[in-house]
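So the chains spell out like this:
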Amino acid sequence: MKKIVVFLLLVSNFFPSGCTRPKQYADYSRHSGFDRTEIDSATLRNLEVLGRVWGFVKYHHPAFSDDRYDLDFELFELLPLIADTAPAARNEILAQWIDGFGRYKTTPEKYEKILASDSVFEHRTDIGWIRDTATLGRELSERLVRLRSADRTAGNRYVSQTYYETYDQWSPNPCFDGEKPYYDLSNPDYGYRLLTVFRFWNMVEYFFPSKYLTDKDWNDVLPEYIRRMAHPTGSYLRETRRMIAELDDNHAQYGGGIFELFGRYRVPLNTGFVEGRLIVVTPDTVPVKSERKAPFQVGDEIVAVEDKPVEYYMAQTREFISCSNENDVLAATADQILRTKENRPLSIRYRRDGVTRDTLADVTKMPGHFGWNYLWKYHKTFSMLEDSIGYICPNKLSKEEEIPEISNGLKKNRGLIIDLRYYPSQDFNEFVSQYIVPDSVKYTVRFTYPDLALPGVFYARDYSYPTYKTEKYNAPIIIMVNEGTQSYGETSVQKIQNNPYTITIGSQSAGANGNISKFTLPRGILGAFSGLGWYYPDGWVVNRQGVKIDHEIRPTLEGIRDGRDEMLEAALSLIEEKTEEE
């Protein structure tokens, strides 16, 4: 017992009390000084407690309103003291560590008032664990409970609201620009890999509004990746991307996870899943290495790439790419299956008319999304179909050019088709507000956002986008959607659906909406999540579920091979039906 007490007294000398100057640390810029390849159950439990306490203190203690302390380096100092110690000693070390950051004021009445507000969202982070004295001991638990009421008026250096310079506006979604990226790390040791887990897990724990929608219980993610990072089955990058994929959020693909893992070179071929098979869906041709073999044709089925079946690549997508729903999994698989890290041809096995063939297809450098960078440019922004039906592809819609033409012709149209399978331009938002959405609409959307002063608590707010007191379009409007309808595209659908003449057709949208909150993990790995939860005013959840659809329409193999856009055909038929009814 005397040895333990002496040890704790020595440890306490490492923690300065009430200092106002920046604390001086050892040089941890490239190595944490803590490395393991195996951990037992006791060490795992110690590290899980440390990860929770470290994150809770990080976002709750007023001492972190400025740069006096470096929480990353604080973690590196704690790791060798906590990893293999007994629970009682662990808890006392952590309690003394908290004391070392000095005294602070509490404002419990302020937070009680917040929690009593009708605008607080029903789903919030469960912090009941801070009262678990059986695990934490009485002293550590008391310190965490008191920290919950700390006055955080001065803010926190590690999280803030997001400022959009382009619009000169603040948004309530969280911003994590205070984190250090550590770009120069080549092979992060276990301490840095734990920092990756703890940083990411706590960001999500307290500030991701849709955490309650993830497939995996978030409490299980922390111990799982503490174990995985001790002896990763793949590279640090793969384990980190696997962890980010647990968000089940398409916005988490920000930062190029597909390109990092599967390559920036791609066969420039447009494929998609049709009736459960990977099919060439548009008449693109690509170079092949043998003149004796014909280029791909629309309707060809991709069977294997580099001798691996399509199912293999789909499993890779599920494991390493964050996807909101099954449609997103298929879309991401169709992209990554044709990628490679090397500028060399890919061997592709495909089936045509029941005959299986093999070819070598050239690749081109393609770091961006294939659809966004290469397909959109072939679509005309506005055209007239069947003389009096307007068609809008809003991805390049400009208020200086197309919008005046469209608005002048609206009264002559007997129907309008809006193709939101493509991401809309910002100018399209103004067009919708001016000519589509009735000015009588009270609320367009509902969104949720975190209270940064009370981590883990979220507010819900009903919101209506500005409209104009102008004459609105009063003929049938058909919105076409699919997995390409994401984020602002989904918001556009919600806005247009307020027009009573609107019908929405297609398949499940991406289910990723709400301003993205970007983050950086050690070695400069970029990621993001939907920083706002997104809903219809009636409570319908858009994230993961997608927008409301009136008629499900999906392409068929027959339609693809005939070169038909079956969704567009359905849209034209619906307008004809509505016109006949009138």
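Residues numbered from 1 in each chain as written. Predicted model: local features only at pLDDT ≥ 70, side-chain atom pairs only at ≥ 80, totals over all residues. Heavy atoms only, no water.

### Some thoughts on the overall build of the chain
When helices and strands are counted, the chain shows 18 helices and 22 strands. The C-alpha radius of gyration computed for the chain amounts to 27 Å, which stays within 12% of the reference 25 Å derived for 582 residues, consistent with globular compactness. Expressed along its principal axes, the backbone C-alpha trace of the chain runs to roughly 90 × 65 × 35 Å. For the chain, with 582 residues in total, the buried portion stands at 56%. By sequence separation, contacts in the chain at least 24 residues apart represent 74% of the contacts at least 6 residues apart. For the chain, the exposed area adds up to about 26,000 Å²; of that, 48% sits on carbon and sulfur atoms. Of the charged side chains in the chain, 71 are positive and 83 negative; the average position of the first set lies 5 Å away from that of the second. (Helix = DSSP H or I, 4+ residues; strand = E, 2+ residues; numbered from the N terminus. Rg over C-alpha atoms; globule rule 2.2 N^0.38 Å. Buried < 20%, exposed > 50% of the residue type's maximum accessible area, 1.4 Å probe, protein only. Contact = heavy atoms within 4.5 Å. Areas by Shrake-Rupley, 256 points an atom, 1.4 Å probe, with all protein chains shown as cover. Lys, Arg positive; Asp, Glu negative; His and termini not counted. Charge placed at Lys NZ, Arg CZ, Asp CG, Glu CD.)

### Notes on the sheet that holds strand S11 (residues 364–365)
Strands in a sheet are paired, the pairing made by backbone hydrogen bonds, and the direction either parallel or antiparallel. Reading across from one edge, S8-S3-S11 is the order of the three strands in this open sheet, with antiparallel pairing throughout. Edge positions in the open sheet fall to strand S8 (339–340) and S11, since each of these has one partner strand only. Pairing between strand S3 (residues 265–266) and S11: two bridges, direction antiparallel. Following the sheet pairing, Arg266 is matched in S11 by Thr364. (Pairing = 2+ DSSP bridges.)

### Comments concerning empty space enclosed by the protein
Counted under the stated rule, the structure contains two cavities of 30 Å³ or more. Estimates place the volume of the largest cavity at around 60 Å³. Contributing to the lining of the largest cavity are Arg241, Ile244, Ala245, Ala252, Gln253, Gly257, Ile258, Phe320, Ile321 and Ser322. Contributions of two or more residues to the lining of the largest cavity are made by helix H9 (236–244) and helix H10 (257–262). In terms of residue class, the lining of the largest cavity is made up of six nonpolar, three polar and one charged. Lining the second largest cavity we find Phe208, Ser210, Leu213, Leu247, Asp248, Asp249, Gly511, Asn543 and Arg544. (1 Å grid on protein atoms, 1.4 Å probe; cavity = no way out; pocket = protein on both sides within 12 Å on 5 of 7 lines; lining within 4 Å. Points joined across faces, edges and corners; volume = space filled by probe spheres on them. Nonpolar A, V, L, I, M, F, W, Y, C, P; charged D, E, K, R; others polar.)

### Focus: the domain arrangement of the chain
Per the domain assignment, the segments making up the chain are domain 1 (257–363) and domain 2 (380–436 + 471–510 + 545–579). Averaged C-alpha coordinates put domain 1 and domain 2 at centres separated by 29 Å. Across the contact, 13 residues belong to domain 1 and 11 residues belong to domain 2. Approximately 1,000 Å² of surface area, both sides summed, lies buried where domain 1 meets domain 2, with 51% of it carried by carbon and sulfur atoms. Of all residues in domain 1, the largest losses of buried area upon contact with domain 2 belong to Val274, Asn325 and Asn327, amounting jointly to 44% of the total for that side. Along the contact surface separating domain 1 from domain 2 lie zero salt bridges. Here domain 1 is connected to domain 2 by seven residue pairs in polar contact (both at pLDDT 80 or more). Of all the elements in the fold, those that place two or more residues in the side of domain 1 that touches domain 2 are strand S5 (277–280) and helix H12 (326–336). Here the residues of the side of domain 1 that touches domain 2 are counted per class, giving six nonpolar, four polar and three charged. (Domains from an automatic or database assignment. Buried area = accessible area lost by both parts, 1.4 Å probe. Salt bridge = Lys/Arg side-chain N within 4 Å of Asp/Glu carboxyl O. Polar contact = N/O pair within 3.5 Å; in protein donor to acceptor, adjacent residues only side chain to side chain.)

### Overview of the nonpolar core
With 103 residues, the main nonpolar core has Trp97, Leu144 and Ile226 as its most contacted residues. Considering every element that reaches this core, the biggest residue donor is helix H7 (residues 190–207), with 12 residues. Counting 30 residues, the second-largest nonpolar core is a separate cluster that includes Ile406, Ala475, Ile479 and Leu532. (Core = buried A, V, L, I, M, F, W, Y, C linked by side-chain atoms within 4.5 Å.)

### Focus on the pairing of strand S1 (residues 160–164)
Bridging between S1 and strand S2 (residues 169–175) involves five bridges; their strand directions are antiparallel. Its bridge partner lying in S2, Ser160 is registered against Cys175. In this structure, the hairpin formed by S1 and S2 is closed by a connection of four residues, where Asp168 is found at a positive phi of approximately 50°.

### Side note on the packing of H7 against helix H8 (residues 218–230)
Where H7 contacts H8, the axes come no closer than 9 Å and their chain directions differ by 165°. It follows from the interaxial angle that H7 and H8 lie roughly antiparallel. Regarding H7 and H8, the two cross each other, and that crossing is right-handed. Across from Tyr190, Arg193, Leu194, Thr196, Val197, Phe198, Phe200, Trp201, Val204 and Glu205 in H7, the residues of H8 making contact are Trp218, Asn219, Val221, Leu222, Tyr225, Ile226, Met229 and Ala230. (Axes fitted to C-alpha atoms, helices over the stretch in contact; angles between N-to-C directions. Parallel < 35°, antiparallel > 145°, perpendicular 65-115°, else oblique. Left-handed = near helix turned anticlockwise from the far one by under 90°.)

### Side note on the packing of aromatic side chains
This structure, assessed with the given rule, holds 37 aromatic pairs. For the pair Trp97 and Phe101, a centre-to-centre distance of 5.2 Å together with 75° between the ring planes defines the contact as edge-to-face. Comparing Trp97 with Phe101, the two get one shared label, buried. Taken together, a centroid distance of 5.8 Å and an interplanar angle of 15° make the contact between Phe447 and Trp534 stacked. In this pair, Phe447 sits in strand S15 (residues 445–450) while Trp534 sits in strand S21 (residues 533–535), placing the two residues 87 residues apart along the sequence. Both residues of the pair, Phe447 and Trp534, count as buried. A network of ring pairs unites the aromatic residues Phe56, Tyr59, Trp129, Phe176, Phe200, Tyr206, Phe207, Phe208, Trp218, Phe519 and Phe529 as a single cluster. One residue, Lys58, lies across the ring of Tyr158, its end atom 4.9 Å from the ring centre. Across the ring face of Tyr536, the terminal group of Lys548 is positioned such that the distance to the ring centre comes to 4.6 Å. (Phe/Tyr/Trp six-rings, centres within 6.5 Å; stacked < 30°, edge-to-face > 60°. Lys NZ or Arg CZ within 6 Å of the ring centre and 35° of its normal.)

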